[in-house]
Each structure stands twice: as structure tokens, then as C-alpha cells.
Amino acid sequence: MKRTVQVNLSGQVFTLDEDAYELLSSYLKRISALYERSVGKDEILSDIESRIAELLIERIGESKQVVTIADVTAVTEIMGNPEQFEDDSMGDSDGSGDRFYGYDNSKKRLYRDSDQGILGGVCSGIGYYFGVDPVWIRLVFGLTFIFFGTGFFFYILLWIIIPEALTTADKLNMKGEPVNIDSIGKTIEKEINNLGEKFSKSGTNFSRTSGKKLERGVDRLVNFLVELFRGFFSIIGKIIGGLFLMIGLFTIIFMIAGIIGVADVIHLASNDWSSSMNLYEWGDIVFNSSEWLFSAILGVLFLIGVPFLALAYGGAILLFPSFKVPYLGAGFFGLWLIGLVLSVMTAFSIGQEFSKEEKITEVMVLNEQGLTADTIRLTVGYDPFGISEDRAYYANNDFMMKVNDQRIIVGNVEFDIQQSKDDLTKLEVKKSAQAGIYEKAGMRADSIRYEYSLDSNSITFNPYFSYPQIDLLRNQEVRLCLRIPLGTVVFLESSMKRIIDDVQNVSNMHDPKMVNHYWIMNSNGLTCLDCIEEVDLSQTAINVGVSDMSVNVHIN
């Protein structure tokens, strides 16, 4: 029966049989002799012991109680033979290749690189993992923060999810380097040398060892404050975690419901009118192919949905600290990047459809259509959007649209009155639309249908226009201009507030106040015939006669 010995390695207690203990003790002594003259000997040995402890834990598992010589032999083979590194253990380590390139990506693990990071080390850690310069990662986050608004939010979530590379083994795993006695030793020596150079450049007289002790002291103070903060705000953290989890899950459920067509996610509203559409109804009038619709849905789902999914995951971690899924942060970031690419591609494709604009003007001579009176009543006909006269003027500032019988109906028409260049009353209907090429834009403008009606002394305008659904939404617009000759009088009924838009007049009267008045076109412009002039009482003398007395009242 072999004797067993209990050994403490980096805070972990292991039970070793006698042969295993002798082999491990001899191995640690050889490592100690290897780094005898190294400045960071204590930290090197501490990190090597931590790595050995990790490997032993992986081998013995939960069922095995005693570490055997076979276990120690396997661990020493992974860590390496001290003698093979003796010649170059104190040599230079220029770090060539350890910055993002030259190592096996399959052995990398995702950590936050607080040493090279600017804020939290998220971008630097992601750069190591994917083998790219962190400048590009930071640029992506910066652009999405400016243009999409999710970059900063997603960065904070990754900061919570991705663990920090604290130990030397973590830093080597982050870079994909082998974790053995040589790499641990060189990494620590390099950190100490770099720290010494920083102190030297700043003009301090601290030695490398003193600087390292100061750094450790600062780390301990920060860790103490962090632990104090965590303890004090643990309850608040649980509440915040619950809110994060609820908000994230609710948003994801809502987005999924919108994607499968259960929920109406596109809502249009105006005064006295509102309408809701699901994604596919909206996609039928915006995207010219189902492929682009699918790309847009997938892009928005990843670009917006993944941060909320990460928010829910972050909330779960705050509630249950042990609930961590390896590499999930990297997966979230990858999906988010895919969503960003798809969204940019889709936005660019749709933007091309709005790059060219074409306008068509149709001129109707109303005198030839039966209009004969010199005084014309102007009114608005049936409104399919049901906007009341009280809210009509303000409602026209909102976008009103519905689909009926394969035609898109738009409830935004602008109306103006100007002087005719001859003795004829004319109606100009100006139509415009956009497309990727001018010819297509012209065809879309020409397909717009606008209707009105008239008799000998009145004109009734429709407050809407329509066009075929296959033309899609491409910023189609209709603007009316009624041109009347000098001496012609028009009466604007109250319903005209629905379409009237910036009509110039001599009195500079605001559009809504122009209704229910008669207006004549003279050489100065459109002039009101029945408007009550506002009397200036700033300097007015009023004589009031009382019996035989005369009282002069001067109002100033």
C-alpha cells in the first residue's frame, strides 16, 4: 500500500501517491532552478503552479481521489521539460507573431484583453480571437453607435458576458499560444520588462520589482472596491438582471411574432386615423423581391434582436452567476456582424431605388370642361381616411397610406393657388416618383391617378391619389396648382384645410384661416374680399357724447 501526501497547488489541495509526489516535487524544483535569476520568479512559479493545478483537476475529475504518477507524467508532458527551455529561457521574447497572428485558432478562447484594451478590452480580446487588428473592431462599434444606435449597448453587454484574461494562462489561451512553462515564463518576463520601460520613460526611479508590487497593490485595491460594490448592490443587481431578462425576452418574442405574421409591427397613424400592417404586407409594397425582404428581416433580427438576446443572457448571468455558456459572447458578436452586413446591403439596395426622381405635369383647361363662373367655390370631396375638418390641416403633415384592390392609396395632396398667365382657368397636376433609373421613375409618375370633379361654378378636389401596388412605395407625390386669371374670385370652403398648403396671399394669412372667405386675384396677388381688418388701437381718439357734455377718450 502506497503512502499518500497532500499538496497545496495555487489554493487547490490534491492527494498524491508517493511516486507522483516525488515526480511533481522534482519537476517543480527544476522549474524553480530554471527561473532562479529571473526578475519575476515568484509570479512565474505561481502561474505555472496554477496551470498545473488546472490540468490535474481536468484529469482526476470528480470520482478520482488520488493523483497518480501517470497523471503527473501527463501534466509534465503538456507543460514541457525545463531542460529543453534552459538555453533560451532568459533570451529575448520579441513577441513576433503573438499579436493576433501565427497561432492555432482552434486553441483560442475568448477573453477581454485588459492589458491592451482601451475600455474594458472587449475589442482587443475579439481581435485576438478572430485574428484581426482591434482597430477595425473598434471602428465597427463606433460606426454602429453613430448610425444604428446599438453599438454602445452591445459593447456593454459583451463587457458583462466575456470574462477578463486575468492569469498568464488566460492570456496565452486568448492568443492561442501553448500554455507551458516556457510560454508562461516568457510572458511574465515580457510584462515585467514592458512595465519597467513604462516607468523609465515616465522618469520614475522605481525598479521593475517595485513597479510590479505597486501594480499588484493597485489591483488589490480595485478588486476590493469591486467586491465591496458587488456586495452592497447585490440586491439591485438582481433587480436589474430581472429587468434585463424580461425586456430581452419580451422583445425577442415580439420580433418573432412579427416575423411569423402574428403581430402587426408597422403602425401608421394620423389625426382620426390609424392603420397597422405586418412585415409581409409592408414588404409587398417596399421590396421588389422576396429575397431582399428575407435579407431585411434577417438583418434586422440579428442587428436588433441579438443585442436584446444578449441583454436577456446578461440578465440571466446577473441572476444566476454560474449560468455561463462558453463562447456565447463570440457567437452573439458574429450574428450581430452578419446582421450589420445584411442591413447595410439591404439599405443600399433600397436606397438605389430612390436615387432618381422624375416629375410629370398635367395641365387641364377647366373652362373647356364646363367651368364658366367668375366666382368659383373650392371644396374637398370624399376622404377615405376619415379625417375631420377640425384636424384636417394638421393631419396632412402625416403620411397616410392604405392598400385596396391592388392599389396603394395615399392621403397626402398639396394644393396652391397662383395667377394664370392668360385668361383661362387651369389646373396643374404635378406628379412625381422615384426609381433606380429615370425611365422607371417616369413610368411610376405617369401611373399615378388623381381625380377631381367640377360644374359651372365649383371644383371638388379629392384629398388622395392612388397608383398600382406593383409600383411599390417610391415617394410618389401629387401637388395641385389652380391658376386663375386676374379678376377671378374663389371661395375656400372649410374642407379645403385638408389639402391647402402654403398659399401666398396679400394679407400673409395663415392657411387654416383662409377658408370660409372670398379671395380675388389682382395684380398684387390673392386678396381677401370679406376679411375683417384688424384695427390698430395703439393711437386712436374716440369722442363719446353724453347729453350736453362732450367727453374725449384717448386710447394709447
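Located above this text is the structure these notes cover.
Since this is a predicted model, take the numbers as computed values, not measurements. (Residues numbered from 1 in each chain as written. Predicted model: local features only at pLDDT ≥ 70, side-chain atom pairs only at ≥ 80, totals over all residues. Heavy atoms only, no water.)

Asker: Help me understand the overall build of the protein chain in this model?
Answerer: A count of helical and extended segments in the protein chain gives 15 helices and 20 strands. The buried share among the 556 residues of the protein chain stands at 43%. Sequence-distant contacts, at least 24 apart, represent 68% of the contacts inside the protein chain between residues at least 6 apart. For the protein chain, the accessible surface area stands at approximately 30600 Å², while carbon and sulfur atoms represent 56% of it. (Helix = DSSP H or I, 4+ residues; strand = E, 2+ residues; numbered from the N terminus. Buried < 20%, exposed > 50% of the residue type's maximum accessible area, 1.4 Å probe, protein only. Contact = heavy atoms within 4.5 Å. Areas by Shrake-Rupley, 256 points an atom, 1.4 Å probe, with all protein chains shown as cover.)

Asker: Honestly, the packing of aromatic side chains in this entry has me stumped. Any pointers?
Answerer: Given two aromatic rings, their pairing is described by the distance between the two centres and the angle made by the two planes. If you walk through the whole model with that rule in mind, you get nine aromatic pairs. Plain terms: the ring middles of Y129 and Y327 are 6.4 Å apart, the flat faces sit at 35° to each other, and that makes the pair tilted. Here Y129 is found in helix α4 (residues 122–130), whereas its partner Y327 is found in the loop between α12 (290–319) and α13 (328–352), with 198 residues between them in sequence. Above the face of the F385 ring, K402 is positioned so that its terminal group lies 5.0 Å from the ring centre. (Phe/Tyr/Trp six-rings, centres within 6.5 Å; stacked < 30°, edge-to-face > 60°. Lys NZ or Arg CZ within 6 Å of the ring centre and 35° of its normal.)

Asker: Explain the pairing of strand β11 (residues 426–435) to me, please; I cannot follow it from the model alone.
Answerer: Strand residues, when the strand is regular, have side chains that alternate between the two faces of the sheet. Burial analysis of β11 places eight of its ten residues in the buried class, which makes it a mostly covered element. Of the strand pairs in this sheet, strand β6 (residues 356–365) and β11 are connected by ten bridges, and their pairing is antiparallel. Looking at β11, one finds that T361 is bridged to K430. Bridge count for β11 against strand β15 (residues 477–484) is seven bridges, and the pairing is antiparallel. The partner of K430 across the bridge, within β15, is R479. (Pairing = 2+ DSSP bridges.)

Asker: Help me out: how do you make sense of the nonpolar core in this one?
Answerer: A general trend in soluble globular proteins is that nonpolar side chains are found buried together. With 54 residues, the main nonpolar core has L378, F415, I417, F461 and L480 as its most contacted residues. Counting residues per element, this core draws most heavily on β15, at four residues. Those residues within four positions of L480 in sequence are excluded, and the remaining contacts are V413, E414, F415, D416, L427, E428, V429, Y450 and F461. Residues L110, L158, L311 and I317 belong to the second largest nonpolar core, which totals 24 residues. (Core = buried A, V, L, I, M, F, W, Y, C linked by side-chain atoms within 4.5 Å.)

Asker: I would appreciate a short explanation of unusual backbone geometry in the present structure.
Answerer: Note: most residues except glycine have negative phi, and most peptide bonds are trans. A positive phi angle is found at Q406, which is not glycine, with a value near 65°. Along the polypeptide, Q406 turns up in the loop between β8 (401–404) and β9 (407–410). A residue is classified by how much of its surface remains accessible, and Q406, at 59% relative accessible area, is exposed. At D502, a position not held by glycine, the phi torsion is positive, near 55°. Its place among the elements puts D502 in the loop between β16 (489–492) and β17 (517–522). A residue is classified by how much of its surface remains accessible, and D502, at 48% relative accessible area, is partly exposed.

Asker: Honestly, the sheet that holds strand β10 (residues 413–419) in this entry has me stumped. Any pointers?
Answerer: By definition, the strands of a sheet pair up through backbone hydrogen bonds, in either a parallel or an antiparallel sense. Strands sit in the order β6-β11-β15-β10 across an open sheet of four strands; the sheet is mixed. Each edge of the open sheet is held by one strand with a lone partner, namely β6 and β10. Geometrically, the sheet is characterised by an average inter-axis angle of 20° between neighbouring strands, direction not taken into account. (Axes fitted to C-alpha atoms, helices over the stretch in contact; angles between N-to-C directions.)

Asker: Could you clarify how one ought to interpret the side chain of E428 in this entry?
Answerer: With respect to the helices and strands, E428 occurs in strand β11. For E428, a relative accessible area of 13% translates into the label buried. For E428, the side chain forms a polar contact with the side chain of R483, separated by 2.8 Å. E428 has contacts with T361, E362, V363, R479, L480, C481 and R483, leaving out every residue within four places of it along the chain. (Polar contact = N/O pair within 3.5 Å; in protein donor to acceptor, adjacent residues only side chain to side chain.)

Asker: What is the right way to read the pairing of β8 from this model?
Answerer: Alignment of β8 against β9, held across four bridges, turns out to be antiparallel. Opposite N404, over in β9, you have R407 as the bridge partner. With antiparallel pairing between neighbouring strands as the criterion, β8 and β9 make up a hairpin whose turn holds two residues, including D405 at a positive phi of roughly 55°.

Asker: How should the environment of D113 be read in this particular structure?
Answerer: Topologically, D113 is positioned in the loop between α3 (69–79) and α4. Exposure remark for D113: the relative accessible area of 4% places this residue in the buried category. In this structure the side chain of D113 is engaged in a polar contact, spanning 2.8 Å, whose partner is the side chain of S124.

Asker: Where do I start with a nonpolar patch on the surface in this structure?
Answerer: A cluster of nonpolar side chains, contributed by W136, L139 and L143, occupies part of the molecular surface with about 320 Å² of accessible area. With respect to the helices, strands and loops of the structure, W136 is situated in helix α5 (residues 134–147). Among the residues examined, W136 registers a relative accessible area of 56% and is labelled exposed. (Patch = residues over 30% accessible without salt bridge, like charges linked within 9 Å, V, L, I, M, F, W, Y side chains within 5 Å. Salt bridge = Lys/Arg side-chain N within 4 Å of Asp/Glu carboxyl O.)

Asker: So what exactly am I meant to see when it comes to the pattern of salt bridges here?
Answerer: Where side chains of opposite charge bring their charged atoms close, a pairing between them can arise. The full count for this structure, using the stated rule, is eleven salt bridges. Between R444 and E353 there is a salt bridge whose closest N-O contact spans 3.4 Å. Of this pair, R444 sits in helix α15 (residues 438–446) while E353 sits in the loop between α13 and β6, and the two are 91 residues apart along the sequence. R479 serves as the salt-bridge partner of D501, at 2.9 Å between the closest nitrogen and oxygen. Of this pair, D501 sits in the loop between β16 and β17 while R479 is found in strand β15, placing the two residues 22 residues apart along the sequence. A relative accessible area of 24% places D501 in the partly exposed class. Three or more residues joined by partner-sharing salt bridges are found here, namely E414, D416, R479 and D501.

Asker: How should I be thinking about α3 in this particular structure?
Answerer: For an α-helix, the turn length of 3.6 residues means that residues three or four places apart are oriented alike. Along α3, the residues classified as buried are D71, V72, A74, V75, T76 and M79. Just past α3, the residue G80 takes up positive phi, approximately 100°.

Asker: What is the right way to read the environment of S46 from this model?
Answerer: Inspection of the secondary structure assignment puts S46 in helix α2 (residues 41–60). Judged by relative accessible area, S46 falls into the partly exposed class, the value being 39%. For the pair S46 and T167, spaced 121 residues apart in the sequence, the C-alpha separation amounts to 9.9 Å.

Asker: Before we go on, may I ask you to explain the sheet that holds strand β14 (residues 465–468) in this structure?
Answerer: One open sheet holds the three strands; their spatial order is β8-β9-β14, and the pairing between them is antiparallel. The two strands at the open ends of the sheet, each matched to only one other strand, are β8 and β14. In this sheet, neighbouring strand axes are inclined to one another by 25° on average, regardless of whether the strands run parallel or antiparallel. Bridge count between β9 and β14: four bridges; the pairing is antiparallel. Looking at the pairing, V410 lines up with F465 of β14.

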